[in-house]
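A look at the structure
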Amino acid sequence: MSEINENLGKQERSQRFQIAEPENLSKRSKWLRDYFYKGRGRKWNNQFTPFTTGTDWDINWHEGDWYINPEVYFYIQALGKKDMGVFASSYRSMASPVKLPENFWELSIPERRIFFLKEVMLNYIPQEIISENDLIAGGRFNTQLSKCFNKKEAKKYWKWNIKNREANFKYHYSGFGNIGAAPGHIIPDYETVIKKGFKYIYEKAIKRYELLSKNDKRGPKGQELRAIITATEIPRKFAKKYADECKKLKEKASSPQRVEELEKMAQNLERVPWEPAETFWQAVQSLWITHMLLMAEESYPGAGLSFGRMDQYLWPYYKKDVIEEKFISKEFAKDILGSFWFHCNTAYDAMIILGRQGITSGYGQLLTLSGCGPNGEDLTNELTYTILEVIDEWYPSLEPKPNVKLHRNSPDKLLDTVINMISRAQGAPFLINFDERSMAGLIAEGIPKEEVWNYACVGCLENTMQGNDRSGTVNCNPNLVKTMELILWNGKNMPGNDKAIKKGEQLGPKSGNPENFQTWKEFWNAWRKQMEFVIKYTVDIYDKDEDIVAKLMPTPLLSSIVRGCIEKGLDIRQGGPELRFVTVNGVGFATLVDSLLAIKKFVYDEKKYTIAQIKDAIMNNFEGLEYEKMSVFLKNKAPKFGNDSDEADELARNIMKTWADECWKFKTPNNYQYRPGMLSWNYWAGEDAGLTIATPDGRKKGTFLSNAICPTSGADLKGPTAVTNSVGRAIGGITEGGELINYLPNGTSQTITFNPSILRDPEHREKFKSYLRGYIENGGTCLQINMLDTEMLKDAQIHPDNYKNLLVRVTGYNAYFTGIGKELQDEIITRECHKM
Amino acid sequence: MSVIIESDKGLIFEIQKMSTEDGPGIRTTVFFKQCPLRCIWCHNPESLLKTPQLEWFKHKCIGCKTCIETCEQKVLTLDEDGLHIDREKCISCGNCVKECPSTALHMFGEWWDLEGLYNEIQKDKVYYQKSKGGVTVSGGEPTLQSSFLLRFLKKCKGNGISTALDTCGFANRKIYEKLLPFVDLVLLDIKQIDSEKHQEFTGVKNEIILENAELIANYVQNNNKKMWIRTPIIPNYTATEDNIKGIGKFIIEKLRNIPERWDLLSFNNLCTAKYERLNMDWPLKDLALMTKQEIEILFDIAKKTGVKNVQWSGLTKIKEDN
């Protein structure tokens, strides 16, 4: 008999509340980490520094970059006022003027912008080596650069921008979600920069330019390519300045060892990123200088500007220097990486806090580790493990964000390492991405089978190819749950829910009075109509958000290292990349699924309630005795997504497929194909939740929606394997022939919280490993694991000072538990905590 | 011998997915209702009877009285102390459970047909394969539903799913002979080596159990299967040096050290609330957890008996927390 089936394991309360601290850091890396965490107490920082052309009409902050952060709308502008908001005007007034050459205003926009970037980075931003502990040059990069408009362009911008703003704000405040053409979210072709140098790219651009006809040279292609040519020389000149700084510092160096290091650093900088890197140190230096300049160009630090498969492209250098020739020690290589880690974190100096839910910011400099090769073979190498060591030693820290790719042939050693790291931290210090499922989605979007293995992740978990792919991975975030309101009120908002629109405005199509629907089929068809409308409404707004940056705000430096742009003579923002997508991330998936399941069961199958009763209950926000009872009933008695139930998961899959198919029908004016994803970042917990009325699954207005592909909070009652199976099924399942299907090329995250006792001994760690191997077959594209004891979290709410280091994962982001809002804390506590 | 329920369906009170405590790998544990023993320390009081049983969760109840309105037998009353169930009159029809909006009422025990039960457990086949896990039948005492159990085990084995039988050993040997060909691992409880004490603490003597233990040990050895012994470690009842030494001696001498592993499972009190919800009294509700030091003393004694691969798990308390 099973006397003890509720076994909690050999855990003692005294051990429960330990928070992971950084450990085993070298003296050097420890100094850098400590220095970063001094925050405002530091002498040096990397705040946004604004620069202007000095004209009256200048703009150096484009609000559209931030439209996907609704928590900053207030600072953009309150509804109805047609000028600059707080951010734009304060950056404008603080900006330092940059001296411009006489012919500046005769140049094209891309040429002006690149000239401006060059001037600022070479002559206005100081080149500083942060400390004697720093081995990687490259300090300040957080800029707000002038958009370099002439008066006519500025006028055009404002007219356009105000229209866009009104459309975006209306969309958001009437509960549809948010949309914006965000910067970053791409893996530039860093590999080519490291291996061939900017020289190669410069020559490629010159050759391409020379092939242009006379007419083309005068036109936009010529303008863009000239700007790109200028751009490719900036890294060389910029690195040279840092080389000079290193030489200067030699005189003040405190030890002969430091003198030697500074000499080496100067040599490195005189070579890279212009020439191919020859050593590991040069490769990392080349990568950092390039990366920081891109962040400066986009005036938005690390917005999903991601490194790709770093353990692969740095591997030849590491192998040669550390393993074969032993030119540097592993410890020194780790300090090189440590310096890189430090610089990535300084992106956070730009602004301290964003948003009331406090997911600290929209940064996501992601690096991807491990994964498979062209024949499914494993590509884990010694550098993979070294980088994992750095991640482990730096934990907890915020940047760069690592993803580890697992697949059918991942070695036990890698899984053991992953699990050891999970058990030390309060969860995985990385996201786990699953190759087979992810690749199935990318193949479906047209990536050839021979190439797809080399995909990597950007931002949080979004799947893209490397060096040639902008997939706008976070740009459209419609609230799927909005469709429920539109069906119930025949294409209008619920009466009284019309703050941002005209009273009684017909927003969506008239899908019929639902009170007259006789069958579930009729209701389902109405849902389809409203869903089609939501997607069309979304893409119509995005098209314009994209077009303003395409026409007025090109980024020639980034374009120079995204394959396709030079070849076509087109900026990355104008359709240059070889692979061009915009992702539509559905928000609140499980809340929608559960709502439809409740309607199907109780209105049409069992006829317990009528649509009129459901509408009344929603209008009353389930308040009052009868409606409270109804809310509880709907919450508990309807089938729920996430329990491996055939009925619920099949409807979930149907909704997913229908929705995904619809996304594929549209393209932007700049030739980007819309594609489906389900990232849902923090919106489900923040802005969208607050703007969504009560729902037929019994949820009240303002409470959280479901997160990404996760079940609604607390709805999954059958344990981790069941919820995993549901997720895999919802995003496509498996064909009869055993092939994985994935409707979401962008990917989606499943957050799962375990009780730490599941990793208590080697036997249970083996079991957990098998669970991960099972996930490869049955699960989704991406898993984030929290390892949290509910009692500890409650204690952390009461004594936040004792838990300053407690990092938890929230939708792909690491966030400090004590720094997030109470609501989100409560959500994390009530998440189904799986004991195995 | 207790009554054997012969039925097309099995009465199951819980199906636990991703179970990691009932055999190797990742498993699904299927808990069969009814038990021939009445162990003082029983952790699954809902498993004892052969009928479904109603339980009520105070913290989930919203006080709407829907259950009272629904019940045709009029067995439910609600007052300031909570919901009272007249268990003599309750016929376990389940109507109140169906109507209760908040799932405050729950029925232990549901009749499953073979196809339905198999469909439910095969959903995790991938995890069984990756972990060398499978299905564990537990209870209660699953052998009391031997006809349904046999068909279920055959179906699992026929479809390549590994099986484990978690049993108290108190059943007719013929039942084991029938079941064993379809079982890969037997988890056999030996709780108390002294038969008089065994009767005092569990309601039955242990001779049948020990005879069956020998039968199972011989069978697994001859048929390349496995057997684990499990002993609940309950202060005052089984947590004694004599008992552990005695069980160890039995495993070495009578079972010829055939069992692959011996698990000591330390007492836990997580079931206290279940007893309350079933209106049952639990004599051990105030019994303190053991400390890690106490259980490790017994663990050392067990290891010294010479039995291979002794393990312990379960709840312990920290010393100063009395």
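These figures come from a predicted structure and were not determined experimentally.

A few words on the overall build of chain A. Along its length, chain A carries 31 helices and 18 strands. A globule of 836 residues ought to have a C-alpha radius of gyration of about 28 Å, and chain A, at 27 Å, matches this closely. Seen through its principal axes, chain A has C-alpha atoms that stretch 80 × 70 × 55 Å. Buried residues in chain A amount to 67% of all 836 residues. Taking the intrachain contacts of chain A between residues at least 6 apart in sequence as the baseline, contacts between residues at least 24 apart amount to 78%.

Let us look at the packing of aromatic side chains. Residue and element names in this part refer to chain B. Summed over all chains, the structure comprises 60 aromatic pairs over all chains. When the ring centre of phenylalanine 57 is taken as reference, the NZ or CZ atom of lysine 60 above it lies at 4.8 Å. Above the ring of tyrosine 118, the side-chain terminus of lysine 155 is found at 5.2 Å from the ring centroid.

Below, the discussion takes up the pairing of strand β9 (residues 163-167) of chain B. All names here are of chain B. With 5 of its 5 residues buried, β9 lies for the most part within the structure. Going residue by residue along β9, you find Thr163, Leu165 and Thr167 tucked away on one face and Ala164 and Asp166 tucked away on the opposite face as well. Pairing of strand β8 (residues 134-139) with β9 involves 3 bridges; the strand directions are parallel. Opposite threonine 136, over in β9, you have alanine 164 as the bridge partner. In this fold, β8 hands off to helix α5 (residues 146-158), which returns the chain to β9; that crossover is right-handed. In this sheet, strand β10 (residues 185-189) lies alongside β9 in parallel orientation, the contact comprising 4 bridges. Bridging from a neighbouring strand, aspartate 166 pairs with leucine 187 of β10. Crossover β9 to β10 through helix α6 (residues 173-179) is right-handed.

Soluble, globular proteins show a tendency: their nonpolar side chains are buried together. Counting 226 residues, the largest nonpolar core has Phe280(A), Phe523(A), Phe589(A), Trp659(A), Phe768(A), Tyr771(A) and Ile785(A) as its most contacted members. Broken down by element, this core gets its largest block of residues, 16 residues, from helix α20 (residues 520-552) of chain A. Every residue in contact with Ile785(A), bar those within four places of it in the chain, is listed here: Ile422(A), Gly427(A), Ala428(A), Ile432(A), Ile752(A), Phe754(A), Phe768(A) and Leu772(A). Ranked by size, the runner-up nonpolar core spans 55 residues in total, among them Phe148(B), Ile175(B), Met227(B) and Trp312(B).

Contacts between the two partners involve 62 residues from chain B and, on the opposite side, 40 residues from chain A. In this assembly, chain B packs against chain A so that about 4,300 Å² is buried in total across both faces, 52% of it on carbon and sulfur atoms. Looking at the side of chain B facing chain A, the largest losses of area belong to Met18(B), Glu21(B) and Tyr127(B), adding up to 16% of the total buried there. If you look at where chain B meets chain A, you find 4 salt bridges. With a closest N to O distance of 3.3 Å, Glu763(A) and Arg261(B) form a salt bridge. Those elements that place two or more of their residues in the side of chain B that touches chain A are β1 (9-19), α2 (95-99), α4 (125-131), β8, β9, β11 (226-233), β12 (261-266) and β13 (310-314) of chain B.

A word on the sheet that holds β12(B). Residue and element names in this part refer to chain B. Overall, mixed pairing links the 9 strands, which are arranged β7-β1-β2-β8-β9-β10-β11-β12-β13 in an open sheet. Among the strands making up the open sheet, the edge pair consists of β7 (110-113) and β13. Here the average twist between neighbouring strands, direction ignored, is 30°. In the sheet, β1 pairs with β7 via 4 bridges, with the strands oriented antiparallel. Across the sheet, the residue bridging to lysine 9 is aspartate 113, located in β7.

This paragraph deals with a nonpolar patch on the surface. Taken together, the side chains of Phe74(A), Tyr75(A) and Val86(A) define a hydrophobic patch exposed on the protein surface, amounting to about 320 Å² of accessible area. Note on placement: Tyr75(A) falls in helix α3 (residues 73-76).

This part is about the pattern of salt bridges. Scanning the entire structure with this criterion turns up 72 salt bridges over all chains. A salt bridge links Lys482(A) to Glu485(A); its shortest N-O distance comes to 2.8 Å. With a gap of 3 residues between them, Lys482(A) and Glu485(A) both fall in helix α19 (residues 482-488), about one helical turn apart. Judged by its relative accessible area of 2%, Lys482(A) is buried. Residue Arg230(B) pairs with Asp166(B) through a salt bridge whose shortest N-O separation is 3.3 Å. Of the two residues, Arg230(B) sits in strand β11 while Asp166(B) sits in strand β9, which places them 64 residues apart along the sequence. A single burial state applies to Arg230(B) and to Asp166(B), both of which are buried. Salt bridges linked by common partners bring Asp412(A), Asp416(A), Glu766(A), Lys769(A) and Arg773(A) together as one network.

Let us look at helix α28 (residues 720-730) of chain A. Residues spaced three or four apart along an α-helix point in a common direction, a consequence of the helix completing one turn every 3.6 residues. Residues and elements named next belong to chain A. Within α28, 10 of the 11 residues are buried, which leaves the element mostly enclosed by the surrounding structure. What α28 keeps buried is the set Pro720, Thr721, Ala722, Val723, Thr724, Asn725, Ser726, Val727, Gly728 and Ala730. Among the residues trailing α28, glycine 732 stands out with phi positive, at a value near 150°.

Attention now goes to helix α7 (residues 190-210) of chain A. Residue and element names in this part refer to chain A. Helix length check: α7, at 21 residues, gives a terminal C-alpha distance of 25 Å against a target of 30 Å (1.5 Å per residue), a shortfall beyond 12%. The sharpest bend along α7 reaches about 105° and sits at lysine 196. What α7 keeps buried is the set Tyr190, Thr192, Val193, Ile194, Gly197, Phe198, Ile201, Ala205 and Tyr209.

Another aspect to go through is the environment of Tyr537(A). All names here are of chain A. For tyrosine 537, the position within the fold is in helix α20. For tyrosine 537, a relative accessible area of 17% corresponds to the buried category. In the structure, tyrosine 537 is positioned 82 residues away from tyrosine 455 in sequence and 31 Å away in space, judged by C-alpha atoms. Setting aside chain neighbours within four positions, we find tyrosine 537 in contact with Lys170, Tyr171 and Phe176.

Here we come to the environment of Lys405(A). All names here are of chain A. Tracing the backbone through its elements, the reader meets lysine 405 in strand β6 (residues 401-406). A C-alpha to C-alpha distance of 9.9 Å links lysine 405 and arginine 309, two positions 96 residues apart in sequence. Of note is the side chain of lysine 405, whose polar atom sits 2.8 Å from the backbone oxygen of tyrosine 455.

What follows is about unusual backbone geometry. Of note, the amide linkage connecting Tyr395(A) to Pro396(A) takes the cis form, showing an omega dihedral of 0°. As for its position among the elements, Pro396(A) is in the loop between α15 (382-394) and β6. Residue Gly140(B) follows Gly139(B) across a cis peptide bond; omega there is 15°. Relative to the helices and strands, Gly140(B) is located in the loop between β8 and α5. A positive phi angle, close to 55°, is found at Phe622(A), a residue other than glycine. Topologically, Phe622(A) is positioned in the loop between α24 (611-619) and α25 (625-637). Looking at Phe622(A), the relative accessible area reads 0%, which means it is buried. Backbone geometry places Gln34(B), a non-glycine residue, at a positive phi of 90°.

Let's shift gears to the sheet that holds strand β2 (residues 96-97) of chain A. Remark on secondary structure: sheet strands pair via backbone hydrogen bonds, oriented parallel or antiparallel. Residue and element names in this part refer to chain A. One open sheet accounts for 3 strands, arranged β2-β1-β3; its pairing is parallel. The sheet terminates laterally at β2 and β3 (143-144), the two strands that pair on one side only. In this structure, strand β1 (residues 49-52) lies alongside β2, joined through 2 bridges in parallel fashion. Each residue of the ladder has a partner; that of threonine 52, found in β2, is proline 97.

All names here are of chain B. It is the contact of helix α3 (residues 114-122) with α5, at a shortest axis distance of 10 Å, that shows an interaxial angle of 45°. With respect to each other, α3 and α5 are oriented oblique. α5 is crossed by α3, and the crossing has right-handed handedness. Contact residues: Leu114, Glu115, Leu117, Tyr118 and Ile121 in α3; Phe148, Arg151, Phe152, Lys155 and Cys156 in α5. Among the residues forming the contact of α3 with α5, the class breakdown is 7 nonpolar, no polar and 3 charged.

Quick notes on the rules
- Residues numbered from 1 in each chain as written.
- Chains lettered and ligands numbered in written order.
- Predicted model: local features only at pLDDT ≥ 70, side-chain atom pairs only at ≥ 80, totals over all residues.
- Heavy atoms only, no water.
- Helix = DSSP H or I, 4+ residues; strand = E, 2+ residues; numbered from the N terminus.
- Rg over C-alpha atoms; globule rule 2.2 N^0.38 Å.
- Buried < 20%, exposed > 50% of the residue type's maximum accessible area, 1.4 Å probe, protein only.
- Contact = heavy atoms within 4.5 Å.
- Phe/Tyr/Trp six-rings, centres within 6.5 Å; stacked < 30°, edge-to-face > 60°.
- Lys NZ or Arg CZ within 6 Å of the ring centre and 35° of its normal.
- Pairing = 2+ DSSP bridges.
- Right-handed = clockwise from strand over helix to strand, strands pointing away.
- Core = buried A, V, L, I, M, F, W, Y, C linked by side-chain atoms within 4.5 Å.
- Buried area = accessible area lost by both parts, 1.4 Å probe.
- Salt bridge = Lys/Arg side-chain N within 4 Å of Asp/Glu carboxyl O.
- Axes fitted to C-alpha atoms, helices over the stretch in contact; angles between N-to-C directions.
- Patch = residues over 30% accessible without salt bridge, like charges linked within 9 Å, V, L, I, M, F, W, Y side chains within 5 Å.
- Areas by Shrake-Rupley, 256 points an atom, 1.4 Å probe, with all protein chains shown as cover.
- Expected span 1.5 Å × (residues − 1).
- Bend = angle between axes of the 7 residues up to and from the residue.
- Polar contact = N/O pair within 3.5 Å; in protein donor to acceptor, adjacent residues only side chain to side chain.
- Parallel < 35°, antiparallel > 145°, perpendicular 65-115°, else oblique.
- Left-handed = near helix turned anticlockwise from the far one by under 90°.
- Nonpolar A, V, L, I, M, F, W, Y, C, P; charged D, E, K, R; others polar.

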